[in-house]
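# Notes for the structure review
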Amino acid sequence: MAEPPILPFRFPLSESTVLPDPSRFFSPDLLSSPLPTNSFFQNFVLKNGDQPEYIHPYLIKLSSSSISLCYPSRFANSSIIYQVFKADFTISALNIANPVPQTSHVVSSFSDLSVTVDLPCSNLRFFLVRGSPFITGSVSRGTAGVSISTIHKIVSFSCNTSLTKYTIKLSNNQEWIIYASSPIRLTIYISHMASGPFSGLIRFAVLPNLDPKYEAILDRFSSCYPVSGDAVFTKSFGVVYKWNKKGWGDLLMLAHPLHLRLLSIDGGDSTVLDDFRYKGIDGDLVGVVGDVWKLKTNPISVTWHSIRGIGEDSYPEIISALCKDVERLDSRSVSTTSPCFYGKLIARAGRLALIAEEVCYPDAIPAVRQFLKDTIETWLDGNFSGNGFLYEGRWGGIITKQGSSHSDADFGFGCYHHHHYHLGYFLYGIAVLAKIDPAWGRKYRPQAYSLMADFMNFGGSANSNYTRLRCFDLYKLHSWVGGLTENFKCRWEKSAEHK
């Protein structure tokens, strides 16, 4: 007989006093669903929304009426590496006929690999798609002209006869190309360009190399542009990127080194241009032609126990150490209220049970089972003294009692920091306990699935309480820790073990 479906469980509803209001930057039609809290564009929707984000290969900075582009240099020392923002170009509109009263830019849509940003008071919309060598903007009718400024001096410029392509050389030795979907007449000043009335598409691309073939490649693909991108999970150990494109011709995008290792070209969906490269913080970004990428990784065996096994001659020594560790388990002595440190204790105890299984010493398991039940149930039942899991609906996710009123509590968990590994500790212990006590697992399965969905929701109505893959970056292919905290260095992660 089939088991009844698992109804979505939600922890007690709470109002946070420390989280920002998302309605300032998100379009109203997006506010009814859970929102991303650790995305590649997070800085755009925090505080004033004016800190840069890295949309490969450019750093992008927004204001209420303009967008600034930077092909960044890098700062590095023994402890940190980040990219330095300088406004190579800032694009805005000249006086428009009927300006929309708006105090900020607006995220009108987003997907796994893209975000669309509107500047209502400037009649501008930008399709910011990760891995595009072009920054593409749409200028609405009624715009008196486009203003393009730079912090550098314009050394030289040229345009084609149809006024749809301008080549600009700057005093920092960068060379950029501006493409337009219809003729645009730019007047050039020392550090500024301005056009007459214009509507249509305008695209910007830096020339990363002065080799003429780079310009020829950009020219060839300048008429096709991406407006969004999705990562689709169709099979195990793989993901498919599907770019939604407009215009005509083939789509040119950029892949980082891990993409190139995983990219399958057997199906003929994409072609790698190995000699077309941009620099990036992840390594060289290489041209790929095609609007469908199939990324495949080698299958990884998932097992409860060690992959290579343990020699039986080591059992006595392991069992001796195991017994000492199990004897020290005492739920009454746990004093921490931090989900991080508490979760580590739970995960460590769960590991002891699996070690006992592997070395054929079941006598240690009952004590571990009892410790896990005593420590986990109090969080899942909501009667843990001093803290507990709650659900807040403004952004849509799990927070803690302490984190609901203090942004620094629990390492920022209430501001969506560290969810993937703090909750991961709990889930490891929960999984082990469900393995050794299936009846317990069936009882608490809804709570366990809710904890998992907070950061591992793949989308769909069944888990509509949570955003999609809260911490995992589907372009970089690892997780971030940062949460709803503005950071001028863009996204960040604490250490490799947490990715």
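Residues numbered from 1 in each chain as written. Predicted model: local features only at pLDDT ≥ 70, side-chain atom pairs only at ≥ 80, totals over all residues. Heavy atoms only, no water.

## A look at the overall build of the protein chain
For clarity, the cut-off: The secondary structure listing takes helices from DSSP runs of H or I that are at least 4 residues long and strands from runs of E that are at least 2 residues long, numbered from the N terminus. Relative accessibility under 20% of the residue-type maximum defines a buried residue, over 50% an exposed one, and the middle range a partly exposed one, all with a 1.4 Å probe and only protein chains included. Here a residue-residue contact requires only that any non-hydrogen atoms of the pair lie within 4.5 Å. Only the protein chains shown count as cover for residues, and the accessible areas themselves come from Shrake-Rupley with a 1.4 Å probe. Note on charges: Lys and Arg go in the positive column, Asp and Glu in the negative column, and His and the chain ends are not counted at all. Charge placement uses NZ in Lys and CZ in Arg. For Asp and Glu, CG and CD serve respectively.
Along the protein chain, the regular secondary structure elements total 8 helices and 28 strands. In terms of overall dimensions, the protein chain has C-alpha extents of about 85 × 55 × 50 Å along its principal axes. Buried positions account for 52% of the 499 residues belonging to the protein chain. Residue pairs at least 24 apart in sequence account for 63% of intrachain contacts in the protein chain once pairs closer than 6 positions are excluded. Carbon together with sulfur atoms contributes 53% to the accessible area of the protein chain, which is approximately 22,700 Å² in total. Taking the average place of the 47 positive charges on the side chains of the protein chain and the average place of its 43 negative ones, the gap between the two points comes to 5 Å.

## So, the environment of Gln42
With respect to the helices and strands, the residue Gln42 is situated in the segment before strand S1 (53-55). Looking at Gln42, the relative accessible area reads 0%, which means it is buried. Put simply, Gln42 and Ile190 are 148 residues apart on the chain and 34 Å apart in space, counted from C-alpha to C-alpha.

## Some remarks on the pairing of strand S20 (residues 252-255)
This is how it is decided: Strand pairing requires that DSSP identify at least two bridges connecting the strands.
Neither face of S20 is open: one carries Leu252 and Leu254, the other Met253 and Ala255, and all of them are buried. Judged from the 4 bridges that link them, S20 and strand S23 (residues 285-289) form a sheet pairing that is antiparallel. Within the sheet, the bridge partner assigned to Ala255 lies in S23 and is Val286.

## Examining the side chain of Ser14
Considering the arrangement of structural elements, one finds Ser14 in the segment before S1. In this structure Ser14 comes out as buried when scored by relative accessible area, which is 15%.

## So, the packing of aromatic side chains
Heads up, the condition is: Here is the rule: rings of Phe, Tyr and Trp (six-membered ring for Trp) pair when centre to centre is within 6.5 Å. Planes less than 30 degrees apart are stacked, more than 60 are edge-to-face, and the remainder are tilted.
The tally for this structure, following the rule as stated, stands at 33 aromatic pairs. Here the aromatic rings of Tyr342 and Phe426 are separated by 6.2 Å at their centres, their planes lie at 5°, and the arrangement is stacked. Note that Tyr342 is positioned in helix H4 (residues 339-358) and Phe426 in helix H6 (residues 419-436), a separation of 84 residues in sequence. For the pair Tyr342 and Phe426, one class covers both residues: buried. In this structure an aromatic cluster arises from ring pairing among Phe9, Phe11, Tyr342, Trp379, Phe384, Phe389, Phe413 and Phe426.

## Brief notes about the state of the cysteines
Rule in force here: Two cysteine sulfurs form a disulfide in these notes if their separation is within 2.5 Å.
One pass over the structure, following the stated rule, counts 0 disulfides. Between Cys340, a cysteine without a disulfide, and Cys471, which holds the nearest cysteine sulfur, the sulfur-to-sulfur distance is 14 Å. Here Cys415 stays free of any disulfide, with the sulfur of Cys471 as its closest cysteine sulfur at 13 Å. On the basis of relative accessibility, which here comes to 6%, the residue Cys415 falls in the buried class.

## Some thoughts on the sheet that holds S23
Condition: Note on method: axes are straight lines fitted to C-alpha atoms, helices fitted across the in-contact stretch only, with angles between N-to-C directions ranging 0 to 180 degrees.
Taken in spatial order, the 3 strands make up an open sheet running S20-S23-S22, and their pairing is antiparallel. In the strand order of this sheet, the two ends are held by S20 and strand S22 (271-278), each with one partner. Between one strand axis and the next, the sheet turns through 35° on average, direction left out of account. Looking at chain direction, S22 and S23 are connected through 5 bridges and run antiparallel. Bridging across to S23, Thr271 finds its partner in Val289.

## Here we look at the environment of Trp395
Definition in use: Here a polar contact is taken to be a pair of N or O atoms separated by no more than 3.5 Å, where protein atoms must pair a possible hydrogen donor with a possible acceptor and residues adjacent in sequence count only if both atoms sit in side chains.
Here Trp395 is to be found in the loop between strand S25 (389-392) and strand S26 (397-400). Spatially, the C-alpha atom of Trp395 lies 31 Å from that of Trp293, the residues being 102 residues apart in sequence. Not counting residues up to four positions away in its chain, the partners in contact with Trp395 are Leu19, Pro20, Pro22, Phe26, Pro34, Leu35, Pro36, Thr37, Gln42, Val45, Tyr416 and Leu484. At 2.9 Å, the side chain of Trp395 forms a polar contact with the backbone oxygen of Pro20.

## Re helix H8 (residues 445-456)
Because an α-helix completes one turn every 3.6 residues, residues spaced three or four positions apart along the sequence face the same direction. What counts is decided by this rule: Helix span, as expected, comes to 1.5 Å for every residue beyond the first.
Given a rise of 1.5 Å per residue, 12 residues ought to cover 16 Å, and the 15 Å separating the end C-alpha atoms of H8 matches this to within 8%. Looking at the buried positions of H8, the neighbouring elements they touch are helix H5 (365-380), S25, S26, H6 and helix H7 (438-443).

## Observations concerning the pattern of salt bridges
The line we're drawing: By definition here, a salt bridge exists when the distance from a side-chain nitrogen of Lys or Arg to a carboxyl oxygen of Asp or Glu is within 4 Å.
Applying the stated criterion across every chain yields a total of 15 salt bridges. Between Arg277 and Asp284 there is a salt bridge, and its shortest N-O distance comes to 3.3 Å. The class of Arg277 is partly exposed, set by a relative accessible area of 29%. Given a relative accessible area of 38%, Asp284 falls into the partly exposed group. Put simply, Asp454 and Arg470 hold a salt bridge, and the shortest N to O gap is 3.1 Å. Of this pair, Asp454 sits in helix H8 while Arg470 is found in the loop between H8 and strand S27 (472-473), placing the two residues 16 residues apart along the sequence. Each member of the pair, Asp454 as well as Arg470, carries the same accessibility label: buried. Through salt bridges that share partners, Lys165, Glu215 and Asp219 make up one connected network.

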